[in-house]
Structure formats: C-alpha cells, structure tokens
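Topology and contacts: notes
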Amino acid sequence: MKKILIAALFATITTGAKAQNPYEQCEDTCQHVHGIDLSHYQGEVFWETVGENTKMAYVYLKATEGGDRIDKMYERNINLAHRYGLKVGSYHFYRPKTEQLKQLENFKTQCLPGEQDLIPMIDIETKQGLPTEEFCDSLMKFLTLVEEAYKQKPLLYTGTNFYNKYLQGKVNDYQLMIAQYTEREPVLADERDFTLWQYTGKGRIVGVSGYIDKSRFMGQHGLKEIRFRHK
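Computed from a predicted structure; not experimentally measured. (Residues numbered from 1 in each chain as written. Predicted model: local features only at pLDDT ≥ 70, side-chain atom pairs only at ≥ 80, totals over all residues. Heavy atoms only, no water.)

What follows covers the overall build of the protein. For the protein, the helix and strand inventory stands at six helices and nine strands. When each of the 231 residues of the protein is scored for burial, the buried share is 52%. Put simply, 66% of the contacts in the protein that link residues at least 6 apart link residues at least 24 apart. Here the protein has roughly 11,400 Å² of accessible surface; of this, 49% comes from carbon and sulfur atoms. (Helix = DSSP H or I, 4+ residues; strand = E, 2+ residues; numbered from the N terminus. Buried < 20%, exposed > 50% of the residue type's maximum accessible area, 1.4 Å probe, protein only. Contact = heavy atoms within 4.5 Å. Areas by Shrake-Rupley, 256 points an atom, 1.4 Å probe, with all protein chains shown as cover.)

Backbone geometry at Gln128 places phi at a positive 55 degrees, although glycine is not the residue there. Assignment of secondary structure puts Gln128 in the loop between β5 (121–123) and α5 (132–150). Relative accessible area serves as the criterion here: at 26%, Gln128 is assigned to the partly exposed category. The backbone of Glu191 shows a phi angle near 60 degrees, a positive value even though the residue is not glycine. If you trace the backbone, Glu191 turns up in the loop between β7 (176–179) and β8 (196–205).

What follows is about the packing of aromatic side chains. In the structure shown here, the tally under the stated rule is seven aromatic pairs. Summarising the aromatic geometry, the rings of Tyr58 and Phe217 are spaced 5.5 Å apart at their centres and angled 70 degrees between planes, so their arrangement reads as edge-to-face. On the criterion of sequence distance, the pair formed by Tyr58 in strand β2 (residues 58–65) and Phe217 in strand β9 (residues 208–217) is long-range, its members being 159 residues apart. In this structure Tyr58 comes out as buried when scored by relative accessible area, which is 0%. Seen from their ring centres, Tyr150 and Phe228 are 6.4 Å apart, and the 85 degrees between their planes marks the pair as edge-to-face. Here the residue Tyr150 occupies a position in helix α5, and Phe228 occupies one in the segment after β9, the gap between them amounting to 78 residues. (Phe/Tyr/Trp six-rings, centres within 6.5 Å; stacked < 30°, edge-to-face > 60°.)

All right, on to the pattern of salt bridges then. Tallied over the entire structure, the rule returns six salt bridges. For the salt bridge of Glu65 with Arg69, the shortest nitrogen-to-oxygen distance reads 3.2 Å. Overall, the relative accessible area of 52% leaves Arg69 in the exposed class. In this structure, a network of salt bridges that share partners links the residues Lys62, Glu65, Arg69 and Arg95. (Salt bridge = Lys/Arg side-chain N within 4 Å of Asp/Glu carboxyl O.)

At a minimum axis separation of 9 Å, helix α4 (residues 100–110) and α5 run at an interaxial angle of 40 degrees. The orientation of α4 relative to α5 falls into the category oblique. In this structure, α4 meets α5 at a crossing whose hand is right-handed. Across the interface between the two elements, Gln100, Leu101, Gln103, Leu104, Phe107 and Lys108 from α4 touch Ser138, Lys141, Phe142, Leu145, Val146, Ala149 and Tyr150 from α5. A class-by-class count of the residues in the contact of α4 with α5 yields eight nonpolar, three polar and two charged. (Axes fitted to C-alpha atoms, helices over the stretch in contact; angles between N-to-C directions. Parallel < 35°, antiparallel > 145°, perpendicular 65-115°, else oblique. Left-handed = near helix turned anticlockwise from the far one by under 90°. Nonpolar A, V, L, I, M, F, W, Y, C, P; charged D, E, K, R; others polar.)

What follows covers the pairing of β8. Burial analysis of β8 places eight of its 10 residues in the buried class, the great majority of the element. As paired elements, β7 and β8 share three bridges and run parallel to each other. Note on β8: the bridge partner recorded for Ala179 is Gln198. Bridge count between β8 and β9: six bridges; the pairing is antiparallel. Bridging across to β9, Thr200 finds its partner in Lys214. (Pairing = 2+ DSSP bridges.)

Once that is clear, we can look at the confidence of the model for the protein. On average, residues of the protein score 85 in pLDDT, and 81% of them are at 70 or above. Low confidence marks residues 1–25, where pLDDT is under 50. Its contacts with residues over four positions away, or in another chain, come to 26 contacts. (pLDDT = per-residue confidence, 0-100.)

In this section: the side chain of Thr64. Within the element layout of this structure, Thr64 appears in strand β2. Engagement of the side chain of Thr64 in a polar contact is seen with the side chain of His92, the distance being 2.7 Å. Excluding anything up to four places from it in sequence, Thr64 contacts Arg69, Ile70, Tyr91, His92, Phe93, Asn106, Phe107 and Gln110. (Polar contact = N/O pair within 3.5 Å; in protein donor to acceptor, adjacent residues only side chain to side chain.)

The structure is reproduced here in structure tokens:
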C-alpha cells in the first residue's frame, strides 16, 4: 500500500510539473544548495522517497512552540530524516509573552545536541502585541539562553517585513533565514547580508503530499556555516 501511495504521489507531481511554477522546483534546475522545513502540518512524510529522489541537502524540523507545545511529528521526522541521509536541524517557534526559560526548557526536551547536524533555528514571526522595545528585550534574553545552552548562536528565521520593522540593527551577530515568497531575492532595509532565503511556502516535493516550505543558500554561503558544532 505504501509503495502504491508513493507512486501515485510521484505521478501527480510529475504530471502536473508543466503547470507548476518552475521557480518552486528550483532545486532541480539551478546550482544553489536547497533545503526544506517541515512540521506536523505536512502529515506523514515518506522520508525514504525524500532522501532518495530529491536534491535537498538539509531539513529543518519544527520541534517546539512557546512554553509547552511539542510538534507531534518531530520525533518520527528527525529519526527518519537521519535514516535516509538528510542533514537535520530543529527549530522553535518563539512566543514573546511566554517566559523565556520555560521556552528554552521546552525546546531542550526535543532538540537534543547529539541528534543535530545543524545549529538550532528560532522562528520569529510575532510580537504578540508587545511594544517593540519590550519585544526585542524579550527576544534577546531568549537568544542568549539558547546560545548558552547549545554553545553556539542559533539561526534566526523571520520575514523581510518583520525584520525591517522590528529587528533591524538588533540581531547583527546572528545568521538569518529570510522568508519572502517572490521571484526577486530579498533585500533588507539595512542591506545586510543573510545566509538563507525561504523562497516559497507552496513548493512541492516527492514524498510529501501537501505544500512545503523551501529555502536555499545565498551567494557564497554554504552548509558548513550552519553546521552544529559538537563539543
């Protein structure tokens, strides 16, 4: 049954390839190093197919959110992604109004150093109504806790507009993954360099039945820059 489902999924994607924006399939047509990020929203992923039939070099998996939410697919996803040869990192969705230490402890229950190939990533998308200064103070305290816990600075994920409005000049010491779903490459207001660009939230990949987020390295940046340093 599993093989039938995979075959049907592959047929659907390849048959509809001409109708899809080729930009969303960039990992098959350009020279950049590409990857994906996943959470429980994608449901059950056929990791054997993802590992064997794509050119994806890395995957970030949602581990936790706020102080007590754990992604229900995380354990399965990280085990199978490793089994089928992908370089794996984990991310936490940051909730500014939740106590920072509680969020760190939640993240640490899932993001175990021995299971990481890539540095932790912090997903920053909301201020939850906090004034900007209070939000930034909250965020920086959390990032410091993450760095102390994992002995390296995390990668920060955010959108172009969110960065320009709230984070500009605040996180200069951190590598960034910038989300912008357009055909043109992002340009931040302060024109700072960033490491990765998440270029679509509606990508397709064999082995995943729904839409998927895809990203790629910018310019001369590469995988070695986000490797987890095991002490």
